[in-house]
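Commentary on secondary and tertiary structure
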Amino acid sequence: MRILLVDDSKTMRNIQRAVLAQLGHTDILEAGDGQDALSKAPAFRPELMLVDWNMPNMDGLTFVKAWRAVNKTTPIIMVTTEAEKARVIEAIKAGVNNYVVKPFTPDLLSQRITETLAKCQQPATA
Amino acid sequence: MDPNYIKPFIASIQNVFSTMMQLEVQTLAPFLRQDNNPDLDVSGVIGMSGDVTGSVVLSFPQGTAENLVALFSGQKADMGSPEFADAIGELVNMVAGGAKAMFKNRKCSISTPSVIVGRNHRIAQQSDVPCIVIPCSTNCGAVHILIAIKSVDGQATNAGATPVAAKA
């Protein structure tokens with residue numbers, strides 16, 4: 001499975017990479033901000049994205065809105081320090097499928113990835 | 001001093017250090033920063049804007065910072081390296097982000113972090129507003145939280161200052 005990590009912190013991307021490796025995912029591409037992600041995502045065709053909110057150049061919310069304008073289905077998990085309820089609602093409205101607040105344990109991130117993929121792979125019901 | 005702005009930072013640093021590094025943080029009595037209080041060797045700075053403005057700084061002695069970076073990122077990093085600054089920046093980002101989520105009826109945004117490295121550097125601040133220092137103790141060494149924020153409407157102000165320059 002192709003997974004795109006979008007976070008301006010290399011440390012955070014490494015932590016996420018380690019969690020994904022434990023789940024058996026190794027086909028991973030990294031982007032340092034929303035703009036970088038927008039330039040890499042079309043060719044990489046990610047099947048899951050983990051996206052930070054606060055980043056330089058282009059923040060995660062702007063990136064999600066831009067990506068959703070061209071792709072409605074890629075599962076997106078926002079992984080961010082933005083914990084206020086209003087922020088979570090804003091992200092869901094923009095097209096985020098799930099939400100993880102930093103700090104997180106590896107178990108929590110792993111659980112959210114698994115449940116997001118399961119939910120997004122279910123056939124749509126009428 | 002309004003504890004409504006102090007307690008969130010204590011709760012947040014304890015949560016971040018415990019969740020990401022299984023590290024207990026004990027806080028000592030906060031004090032008002034004086035002009036002659038030196039800063040430490042490494043500082044992560046984050047700005048706040050919106051209903052609450054100012055800045056939050058996590059300052060460390062070199063040894064503490066090196067221990068924390070190794071624990072957080074899983075590998076040692078030289079103090080001057082990008083990896084080192086990145087890890088310190090992410091720690092202060094999580095502490096500030098977690099604290100602002102606990103502010104009641106206050107909406108604010110945080111900046112991307114800046115990291116200052118240099119022995120006994122000093123972060124210059126506005127002189128008309130106080131800065132509260134919360135000394136913390138961990139198994140990795142000492143950490144200081146410098147809180148210099150204020151409400152834009154003047155309510156519930158415990159401290160307020162914005163770093164305007166940094167020098168090593």
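Residues numbered from 1 in each chain as written. Chains lettered and ligands numbered in written order. Predicted model: local features only at pLDDT ≥ 70, side-chain atom pairs only at ≥ 80, totals over all residues.

Focus: the overall build of chain B
For chain B, the helix and strand inventory stands at three helices and 10 strands. Order of helices (α) and strands (β) in chain B, N terminus to C terminus: α-β-β-β-β-α-α-β-β-β-β-β-β. Within chain B, the proportion of its 168 residues that are buried is 48%. Across chain B, contacts joining residues at least 24 apart in sequence account for 69% of those joining residues at least 6 apart. (Helix = DSSP H or I, 4+ residues; strand = E, 2+ residues; numbered from the N terminus. Buried ≥ 20, exposed ≤ 12 C-beta atoms within 10 Å, placed from the backbone. Contact = placed C-beta atoms within 7 Å.)

So, the sheet that holds strand E4 (residues 76-80) of chain A
Residues and elements named next belong to chain A. The five strands are arranged E2-E1-E3-E4-E5 in an open sheet whose pairing can be described as parallel. Among the strands making up the open sheet, the edge pair consists of strand E2 (28-31) and strand E5 (98-101). Across the sheet, the axes of successive neighbouring strands diverge by a mean angle of 15°, strand direction being ignored. Examined bridge by bridge, strand E3 (residues 48-51) and E4 share three bridges and lie parallel to one another. Residue Val51 lies in a different strand from E4, and its bridge partner there is Met78. (Pairing = 2+ DSSP bridges. Axes fitted to C-alpha atoms, helices over the stretch in contact; angles between N-to-C directions.)

Comments concerning the interface of chain A and chain B
Residue-level contacts link 17 residues of chain A with 18 residues of chain B. Among the residues making up the side of chain A that touches chain B, the classes are represented as six nonpolar, six polar and five charged. (Nonpolar A, V, L, I, M, F, W, Y, C, P; charged D, E, K, R; others polar.)

Thoughts on the nonpolar core
Among the nonpolar cores identified, the biggest contains 50 residues, and Ile88(B), Leu91(B), Val95(B) and Ile147(B) are the most heavily contacted of them. Residue contributions to this core peak at 10 residues, all from helix H3 (residues 82-100) of chain B. Ignoring any residue separated from it by four or fewer positions in sequence, one finds Ile88(B) in contact with Val42(B), Gly44(B), Ala65(B), Val69(B) and Val115(B). Ranked by size, the runner-up nonpolar core spans 26 residues in total, among them Val6(A), Leu20(A), Val64(A) and Ile76(A). (Core = buried A, V, L, I, M, F, W, Y, C linked by C-beta atoms within 7 Å.)

Here's the deal with the pairing of E2(A)
Residues and elements named next belong to chain A. Here four bridges tie strand E1 (residues 3-6) to E2, and the two strands are oriented parallel to one another. Looking at E2, one finds that Leu5 is bridged to Glu30. Where the polypeptide runs from E1 across helix H1 (residues 10-22) and back to E2, its parallel neighbour, the crossover connection is right-handed. (Right-handed = clockwise from strand over helix to strand, strands pointing away.)

Overview of unusual backbone geometry
Residue Pro103(A) is reached from Lys102(A) by a cis peptide bond, and omega for that bond is 0°. In this fold, Pro103(A) is placed in the loop between E5 and helix H5 (106-121).

Re the pairing of E4(A)
Residue and element names in this part refer to chain A. Buried residues dominate E4, accounting for five of its five residues. Going residue by residue along E4, you find Ile76, Met78 and Thr80 tucked away on one face and Ile77 and Val79 tucked away on the opposite face as well. Read as a crossover between parallel neighbours, the route from E3 over helix H3 (residues 60-70) to E4 is right-handed. In the sheet, E4 pairs with E5 via four bridges, with the strands oriented parallel. In the strand pairing of E5, Ile77 is matched with Asn98.

Focus on the environment of Leu20(A)
Residue and element names in this part refer to chain A. Its place among the elements puts Leu20 in helix H1. Sequence separation of Leu20 and Ser110 is 90 residues, and the distance between their C-alpha atoms is 7.3 Å. The contacts of Leu20, once residues within four sequence positions are left out, are Ile3, His25 and Ile28.

Observations concerning the packing of H3(A) against helix H4 (residues 85-94) of chain A
All names here are of chain A. As a packed pair, H3 and H4 sit with axes 9 Å apart at the nearest point and diverge in direction by 20°. One way to sum up the angle between H3 and H4 is to call them roughly parallel. Where H3 abuts H4, its residues Leu61, Val64, Lys65 and Arg68 lie against Glu90, Ala91 and Ala94. Split by residue class, the contact of H3 with H4 holds four nonpolar, no polar and three charged. (Parallel < 35°, antiparallel > 145°, perpendicular 65-115°, else oblique.)

Structural notes on the packing of H1(A) against H5(A)
Residues and elements named next belong to chain A. Following both chains from N to C, one finds H1 and H5 inclined at 60°, their axes separated by 10 Å at the closest point. Between H1 and H5 the crossing geometry is right-handed. Counted together, Gln16, Val19 and Gln22 of H1 and Pro106, Leu109 and Ser110 of H5 form the full contact between these two elements. (Left-handed = near helix turned anticlockwise from the far one by under 90°.)

Some points on the environment of Val64(A)
Residues and elements named next belong to chain A. Inspection of the secondary structure assignment puts Val64 in helix H3. Along the sequence, Val64 and Pro42 sit 22 residues apart, while their C-alpha atoms lie 13 Å from each other. When sequence neighbours within four positions are dropped, the list of residues in contact with Val64 reads Val51, Ile76, Ala94, Gly95 and Val96.

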